[in-house]
Amino acid sequence: MTSRPAYSPVVTLAPIHQLGGFTCGDPEIDAFLQHRAHAEQTVRLSQVYVTANASHDVLGYFTLSPVTVRVETALLSKLGIGAVPYPQLGGYLLGRLGVHTTFQNRSVGKALVMRAAQIAKDEAEVVGGAFLAVDPKTESLVQWYTALDFVRLSEKTRRMVLPFTAIP
Amino acid sequence: MPSPTSAYRALPADERQEFRLPGLLKEHLSRAAARTGQTIAEYITAALAERVTRDLAETTEWTLTAPEQEALLRTLAAASKPSAQATKLAARADALFGPLPPKKKKR
């Protein structure tokens, strides 16, 4: 793999993509792409998006899946939102994100988050949804997502959201 | 595209699962598997894959506490515009990956 990247458009994972050489420094993220991504996409647990070089080696990837949040009716009334027939909010979960070690520290990961948000927002315009959600594994990742305008929902968990209105 | 069931079955069977079941069900399981020309392991795996696919394909649900729900609603209600940084990042994404494909039409 050359050090001069030529990133492909972000597309859904396909058999043509080469996964064996992908390493991002997190064994779980690597193993998911190499061993489970195709199967999880096939069974529709999540959609896997990748960018690759001209040889189809994956340089970075992320997963998106729908997520819903049930909202207490009393809370809606308290906030003056009123009664709704189905007190659920829908969005998309950015489940996994990885960038090949060779191409880290070039804002590729941040650009992938933005592209994930844009794709999710586009999907939401068709099927509904109001936010992109993440559940970072570490506090340092919370800080990383905070810098990308994600809002943490509480100090007790690391769950964060980015409203689609905040996405260009 | 392979079916969800075949996607599971294409993976290495590298885990064991033990459980007890009624004797009658075990007997019927053997007969049903034999009738379809499968081993019991193949039959159970196929049936499980089908059921798991169906049950997990539904949307993930986040269970939030009331304060977290309120934080979510307030965040969404704030209806923020894209920040300057978000706009810059979108330009970076376009530069790296090209523009977004045309939007899907509403169903």
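Note that this is a predicted model, so its numbers are computed, not measured.

Peer 1: Tell me what's going on with the overall build of chain B, and back it up with residues and numbers.
Peer 2: Per the secondary structure count, chain B includes 5 helices and 1 strand. Counting all 107 residues of chain B, 11% fall into the buried class.

Peer 1: Run through the packing of helix 3 (residues 108-127) of chain A against helix 5 (residues 84-97) of chain B, naming residues and quoting values.
Peer 2: Their axes nearest at 8 Å, the elements helix 3 of chain A and helix 5 of chain B cross at an angle of 100°. Regarding the angle of helix 3 of chain A to helix 5 of chain B, the classification is roughly perpendicular. Contact residues: helix 3 of chain A offers V108(A), K110(A), A111(A), M114(A) and R115(A), while helix 5 of chain B offers L89(B), A90(B), R92(B), A93(B), L96(B) and F97(B). For the contact of helix 3 of chain A with helix 5 of chain B, the per-class residue count stands at 8 nonpolar, no polar and 3 charged.

Peer 1: Summarise the pairing of strand 2 (residues 47-52) of chain A; cite the residues concerned and give the values.
Peer 2: Every regular strand shows the same layout, with side chains that alternate between the two sheet faces. Residue and element names in this part refer to chain A. Counting buried positions along strand 2 yields 5 of 6 residues, so the element is predominantly enclosed. Two elements, strand 1 (residues 11-12) and strand 2, share 2 bridges in a ladder whose sense is antiparallel. Of the residues in strand 2, the one forming a bridge with T12 is Y49. Sheet analysis places strand 2 next to strand 3 (residues 58-70), joined by 6 bridges and oriented antiparallel.

Peer 1: How would you sum up the confidence of the model for chain B? Please name residues and give values.
Peer 2: Averaged over every residue, the pLDDT of chain B is 85; the share at 70 or more is 88%. Mean pLDDT in chain B bottoms out at helix 1 (residues 4-9) of chain B, which sits at 71, and peaks at helix 2 (residues 23-35) of chain B, which reaches 95.

Peer 1: For the interface of chain B and chain A, give the residues involved together with the corresponding values.
Peer 2: A common way to report how large an interface is uses the accessible area buried once the components associate. Across the boundary between the two partners, chain B contributes 44 residues, which contact 44 residues of chain A. Counting residues per element, the ones that place at least two in the side of chain B that touches chain A are helix 1, helix 3 (40-56), strand 1 (60-62), helix 4 (66-77) and helix 5 of chain B. When residues in the side of chain B that touches chain A are grouped by element, the largest group, 10 residues, is from helix 4 of chain B. Along the lines of polarity and charge, the residues of the side of chain B that touches chain A split into 25 nonpolar, 10 polar and 9 charged. Note that strand 3 of chain A and strand 1 of chain B share 3 bridges and pair parallel. What sits directly across from V69(A), in strand 1 of chain B, is W62(B).

Peer 1: Now, about the nonpolar core: what can you tell me, with residues and values included?
Peer 2: Formed by 56 residues in total, the largest nonpolar core has its most connected members in Y49(A), L64(A), L94(A), A116(A), L132(A), A133(A) and V161(A). If you list the elements that add at least two residues to this core, you get helix 1 (27-42), strand 2, strand 3, strand 4 (88-99), helix 3, strand 5 (131-134) and strand 7 (160-163) of chain A together with helix 5 of chain B. At 9 residues, helix 3 of chain A tops the list of elements feeding residues into this core. In this structure L64(A) touches S46(A), Q47(A), Y49(A), Y92(A), L93(A), L94(A), A116(A), I119(A) and A120(A), once residues within four positions along its chain are discounted.

Peer 1: Explain unusual backbone geometry residue by residue, including any values.
Peer 2: Residue and element names in this part refer to chain A. Within the chain, H56 stands out as a residue other than glycine whose phi angle is a positive 70°. The topology assignment puts H56 in the loop between strand 2 and strand 3. One non-glycine residue, D149, lies in positive phi territory at about 80°. For D149, the location among the structural elements is in the loop between helix 4 (139-146) and strand 6 (151-152). Judged by local crowding, D149 falls into the partly exposed class, with 19 C-beta atoms found within 10 Å.

Peer 1: Can you break down the environment of R54(B) residue by residue, with the values?
Peer 2: Residue and element names in this part refer to chain B. When you line up the elements, R54 lands in helix 3. Residue class for R54 comes out exposed when judged on the 11 C-beta atoms lying within 10 Å of it. Sequence separation between R54 and A66 is 12 residues, and the spatial gap between their C-alpha atoms is 30 Å.

Rules behind the numbers
- In this numbering scheme, every chain counts its residues from 1 along its sequence in written order.
- Here every chain gets a letter starting at A, and every ligand a number starting at 1, in the order they are written.
- For a predicted model such as this one, the threshold for reporting local features is a pLDDT of at least 70, and the threshold for listing and counting side-chain atom pairs is 80 or more; totals across whole chains, interfaces and linings nevertheless cover every residue.
- Note on conventions: DSSP H or I runs of at least 4 residues are helices, E runs of at least 2 residues are strands, and numbering of each starts at the N terminus.
- Here exposure depends only on C-beta density: within 10 Å of a residue's C-beta, 20 or more other C-beta atoms make it buried, 12 or fewer make it exposed, and intermediate numbers make it partly exposed, the C-beta atoms being placed from the backbone.
- Note on definitions: angles span 0 to 180 degrees between N-to-C directions of axes, and those axes are lines fitted to C-alpha atoms, for helices only across the stretch in contact.
- Should an angle fall under 35 degrees it is called roughly parallel, over 145 degrees roughly antiparallel, and 65 to 115 degrees roughly perpendicular, with every other angle called oblique.
- Note on contacts: each residue gets a C-beta atom placed from the backbone, and two residues are in contact if those atoms are within 7 Å.
- Note on residue categories: nonpolar means Ala, Val, Leu, Ile, Met, Phe, Trp, Tyr, Cys or Pro, charged means Asp, Glu, Lys or Arg, and polar means any other residue, Gly included.
- We treat two strands as partners when DSSP finds at least two bridges between them.
- Across the chain, each position has a pLDDT score giving the predictor's confidence in that residue, from 0 to 100.
- A set of buried residues qualifies as a nonpolar core if it consists of Ala, Val, Leu, Ile, Met, Phe, Trp, Tyr and Cys joined through C-beta atoms within 7 Å.

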